[in-house]
Amino acid sequence: MTPSDGNSSGAITWGELLRSEAMRGVHIPVTAGLDRTVQTVRIISDVEQIRSCLPGTVTVLELPIAGAAWAVAIAVRYAWERNVRCVIAQVDPSAAATITRLAERLSVPVGFYDGDLSDLALQLSAIISAPVATRSLLVAECATRLAEQRTVSGILRVIEEQLPGTHVALLGPRDSLIAGRPLDLSEGGAVVRAPLEPLDFRVGRQLVAVLTRGSVAWADTVASVLKIARAHIVACEASSQIKFAQQVQVERWTLQQVLGHHGSSATHTASGDSAEGDTDAAVWTGAREHGWRLDGMLVGAMILRADPDENFDDGFDLALTASWPSRRSEARPVPLGAGWALWEQIPEPDATEPADEDNLHHLRTTAVRALADRLQHHLGQLQLGVDLVAGVGDPAQGPNGLGRTLQQALLAARAARSMGSNPVATFRGLGARAFLAAADTPDLRDVAHNTLSALADAEDRDQLIVTLVAYLENGGSTSRAAERLGVHRNTVTSRVDRIRRFGIPLDDPDRRLELHVACYLITPRGTGPRVLPEVVSPAATAP
């Protein structure tokens, strides 16, 4: 429905009249026909006068009949016959219940007012005679209420409160829901749309209102409110984004300071004494405000791009942090170097369990595996258009150990770039890959490519290298290699024979280590694993 298709300059509706200031003191238990127009107001001193009322009249009964239950009941029946818009009376609560049931059965709106009935009639008459002014006042009231809101949900709530029967939501391209309740755009009600462009830099977003039959249902007024609301929505979002960007930058700085200071606490004892005495108090205050846990046993993780040469805009830090699908109790990524760091505190052993070394080892191993599994799950949920990998370090104690576990996680994330389909690696599961991840350089990769240059022209080069890795890691057993790759043993045998025919010296024991290292460095993962000079902190690399 387009604006001006409603009756913005015509007679006021019963629903509009209910939202007016004059009706705020009137109790209306029955509100049928909100979209019907109101033509006039008439003061009734005798119930028989209702029989001469025009359809669409609001009738205000005078005392004494306004306080007589029998007279009000007759007035409601006559109102039903004449299609009168509403009957307003002044009866005591005990009689009001009976009259309300009658009004509900006949679908005749009825109201009860304790004030001056004649004055109410005059106020209603003024409103009905000037519908444009009434609607302008409603729009102004909406504008005032909208300006007080600080969230998108608050803005949508105000619109629905001020325009009863109007369902509103913020929709994206193809009417995808962004905020608000789902709308049924096919339910038959009129639809008013207010695009957020050109105020909004994102394309295709719009405020959409569905006007049901029982609503304040004229398009011009609703469209005016939506146009005002869209500016407040863009302002709210911009304010939230600025605050969020500031928070992310403060978190980045705080983490860098924590890692830079952690090695200075030489007197940090095993009894858990705080390092705050040797560290800038502002840093530790900030860490506490972020809800970070820096005491006890910590296990760290680092997230990197799968392809370090892939470019993305400066807002990716905010996009990753905002869309990280974790519960409130879980850590979220903090920008660090060329990646993102997070860590978790390992729970203390149950007091009922023995605190021996085996139990502690099991507890720490379980925590590492659980964090790795969550990372793999979260990375699979992200839809940011950028492939990411992650690494998990070994548990370490307190702030002094945070840099160490994050450095281990960084090495594991680098290694994960060349580990096939699994985007998450643990430091304790790397083996020789830990050394290669730390020592990887362009010159070393050139040596690796030259070592396996005989396979360069093979159409299935990547498949052959993956098979060669499995074959070498399983001690030359084609059966175990086939099991790891999920293929038949004869397939592995055929591929190994082809690798030999390319001149790769598989049977020379002095060359196997060389081949193994070369495979580690260039194992395909969509793109070749290339190192990026990520730096956790100077302190994180200290012995």
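This text follows the structure it describes.
What counts, and where the lines are drawn
Residues numbered from 1 in each chain as written. Predicted model: local features only at pLDDT ≥ 70, side-chain atom pairs only at ≥ 80, totals over all residues. Heavy atoms only, no water. Helix = DSSP H or I, 4+ residues; strand = E, 2+ residues; numbered from the N terminus. Buried < 20%, exposed > 50% of the residue type's maximum accessible area, 1.4 Å probe, protein only. Contact = heavy atoms within 4.5 Å. Areas by Shrake-Rupley, 256 points an atom, 1.4 Å probe, with all protein chains shown as cover. Core = buried A, V, L, I, M, F, W, Y, C linked by side-chain atoms within 4.5 Å. Arc of directions from axis to C-beta. Pairing = 2+ DSSP bridges. Axes fitted to C-alpha atoms, helices over the stretch in contact; angles between N-to-C directions. Polar contact = N/O pair within 3.5 Å; in protein donor to acceptor, adjacent residues only side chain to side chain. Salt bridge = Lys/Arg side-chain N within 4 Å of Asp/Glu carboxyl O. Parallel < 35°, antiparallel > 145°, perpendicular 65-115°, else oblique. Nonpolar A, V, L, I, M, F, W, Y, C, P; charged D, E, K, R; others polar. Lys, Arg positive; Asp, Glu negative; His and termini not counted. Expected span 1.5 Å × (residues − 1). Left-handed = near helix turned anticlockwise from the far one by under 90°.

J.: Mind laying out the overall build of the chain, listing which residues take part and the relevant values?
T.: Each helix and strand in the chain was counted, giving 17 helices and 15 strands. Taken over 543 residues, the chain has a buried fraction of 47%. The contacts in the chain between residues at least 6 apart in sequence include a share of 68% that link residues at least 24 apart. As presented, the chain carries roughly 26,300 Å² of accessible surface, and 52% of it is formed by carbon and sulfur atoms.

J.: How would you sum up the nonpolar core? Please name residues and give values.
T.: With 50 residues, the main nonpolar core has Trp 14, Leu 17, Met 23, Leu 61, Ile 88 and Leu 124 as its most contacted residues. Ignoring any residue separated from it by four or fewer positions in sequence, one finds Leu 124 in contact with Leu 17, Ala 22, Met 23, Val 41, Val 58 and Ile 88. Listed in part, the 28 residues of the second largest apolar core include Ile 155, Val 168, Ala 179 and Ala 209.

J.: Tell me what's going on with helix H8 (residues 281-289), and back it up with residues and numbers.
T.: Where H8 is concerned, the buried positions are Val 283, Trp 284, Gly 286 and Ala 287. Viewed along the axis of H8, the buried residues span an arc of 160°, placing them on a single side of the element. Across from the buried face of H8, at angles greater than 90 degrees, the exposed residues are Ala 281 and Glu 289. Looking one or two residues past H8, Gly 291 carries a phi angle of roughly 80°, positive in sign.

J.: Got a sec to walk through the sheet that holds strand S4 (residues 86-89)? Specific residues and values, please.
T.: What the five strands build is an open sheet, ordered S1-S5-S4-S3-S2; its pairing is mixed. Of all the strands in the sheet, just strand S1 (27-30) and strand S2 (40-44) have a single pairing partner and so form its edges. Neighbour-to-neighbour, the strand axes of the sheet open up by a mean angle of 25°, direction not taken into account. Of the pairings in the sheet, the one linking S2 to strand S3 (residues 57-61) comprises five bridges and is parallel in character. Bridging across to S3, Val 41 finds its partner in Val 58. Contacts between helix H3 (residues 93-106) and the sheet are confined to S1 and strand S5 (110-112), with S5 contributing the most and set at about 160° to the helix.

J.: Quick rundown of the sheet that holds strand S6 (residues 166-171)? Include the residues and the values.
T.: Strand order in the open sheet made by the four strands is S7-S6-S9-S8, with antiparallel pairing throughout. The outermost strands of the open sheet, each flanked by one partner alone, are strand S7 (177-180) and strand S8 (190-195). Each strand of the sheet is rotated relative to its neighbour by a mean of 25°, with strand direction disregarded. When S8 meets strand S9 (residues 206-211), the two strands line up antiparallel, connected through six bridges.

J.: Provide a residue-level description of the environment of Arg 511, including the pertinent values.
T.: Relative to the helices and strands, Arg 511 is located in helix H17 (residues 509-522). Distance in space between the C-alpha atoms of Arg 511 and Thr 451 is 10.0 Å, their sequence separation being 60 residues. Polar side-chain contacts of Arg 511 include one of 2.6 Å to the side chain of Glu 514.

J.: Tell me what's going on with the pattern of salt bridges, and back it up with residues and numbers.
T.: Proximity of charged atoms lets side chains of opposite charge pair with each other. A complete count under the given rule lists 16 salt bridges for this structure. In this structure, the salt-bridge partner of Asp 175 is Arg 193, at a minimum N-O distance of 3.0 Å. Taken together, the positions of Asp 175 in the loop between S6 and S7 and Arg 193 in strand S8 put the pair 18 residues apart, joining distant regions of the chain. Residue classification places Arg 193 among the partly exposed residues on the basis of a relative accessible area of 37%.

J.: Pulling in residues and values, what's your account of the packing of helix H14 (residues 461-473) against helix H16 (residues 489-501)?
T.: Across the interface, H14 lies against H16 with an axial gap of 10 Å and an inter-helix angle of 105°. Judged by the inter-axis angle, H14 sits roughly perpendicular to H16. Taken together, the residues of H16 that come into contact with H14 (itself represented by Gln 463, Leu 464, Thr 467, Leu 468 and Tyr 471) are Val 492, Arg 495, Val 496, Arg 498, Ile 499 and Arg 500. Among the residues forming the contact of H14 with H16, the class breakdown is six nonpolar, two polar and three charged.

J.: Tell me about the side chain of Arg 495, and please be specific about residues and values.
T.: Here Arg 495 is to be found in helix H16. In this structure, Arg 495 is buried with no salt-bridge partner, the nearest side chain bearing the opposite charge being Asp 460 at 6.0 Å. Not counting chain neighbours up to four residues away, the residues in contact with Arg 495 comprise Gln 463, Leu 464, Thr 467 and Leu 485.

J.: Please give an account of helix H10 (residues 357-381) that cites residues and values.
T.: Helix length check: H10 (25 residues) gives 36 Å between terminal C-alpha atoms against 36 Å at 1.5 Å per residue, within 8%. Of the residues making up H10, those classed as buried are Asn 359, Leu 360, Ala 367, Val 368, Leu 371, Ala 372, Leu 375, His 378 and Leu 379. Buried residues belonging to H10 abut strand S10 (297-305), strand S12 (339-345), strand S13 (388-392) and strand S15 (424-426).

J.: Can you tell me about unusual backbone geometry, naming the residues and giving the values?
T.: Looking along the chain, the bond that leaves Leu 63 and enters Pro 64 is cis, with omega of 15°. With a phi angle near 60°, Asn 83 is a residue other than glycine that sits in the positive phi range. For Asn 83, the location among the structural elements is in the loop between helix H2 (69-82) and S4. The backbone of Ser 107 sits at a positive phi, close to 55°, despite the residue not being glycine. Checked against the element boundaries, Ser 107 lands in the loop between H3 and S5.

J.: Give me the lowdown on the packing of H14 against helix H15 (residues 478-485), citing residues and values where you can.
T.: Packing of H14 against H15 leaves a shortest axis separation of 8 Å and a crossing angle of 130°. Taken as axis vectors, H14 and H15 run oblique relative to one another. Both H14 and H15 take part in a crossing whose hand is right-handed. The segment H14 lies against H15, with Val 466, Thr 467, Val 469, Ala 470, Tyr 471 and Glu 473 engaging Thr 478, Ala 481, Arg 484 and Leu 485. In terms of residue class, the contact of H14 with H15 is made up of six nonpolar, two polar and two charged.

J.: Before we move on, could you go through the pairing of S10 and cite the residues and values that matter?
T.: For S10, the tally of buried residues reaches nine of nine residues, placing the bulk of the element in the interior. Taking every second residue as pointing to the same face, both faces of S10 are buried, with Met 297, Val 299, Ala 301, Ile 303 and Arg 305 on one and Leu 298, Gly 300, Met 302 and Leu 304 on the other. Pairing of S10 with strand S14 (residues 396-397), which is carried by two bridges, proceeds in the antiparallel orientation. By the bridge assignment for S14, Met 297 is matched with Gln 397. As paired elements, S10 and S12 share six bridges and run antiparallel to each other. Paired with Gly 300 across the two strands is Trp 343, which belongs to S12. In the sheet, S10 pairs with S13 via five bridges, with the strands oriented antiparallel. Of the residues in S13, the one forming a bridge with Leu 304 is Val 389.

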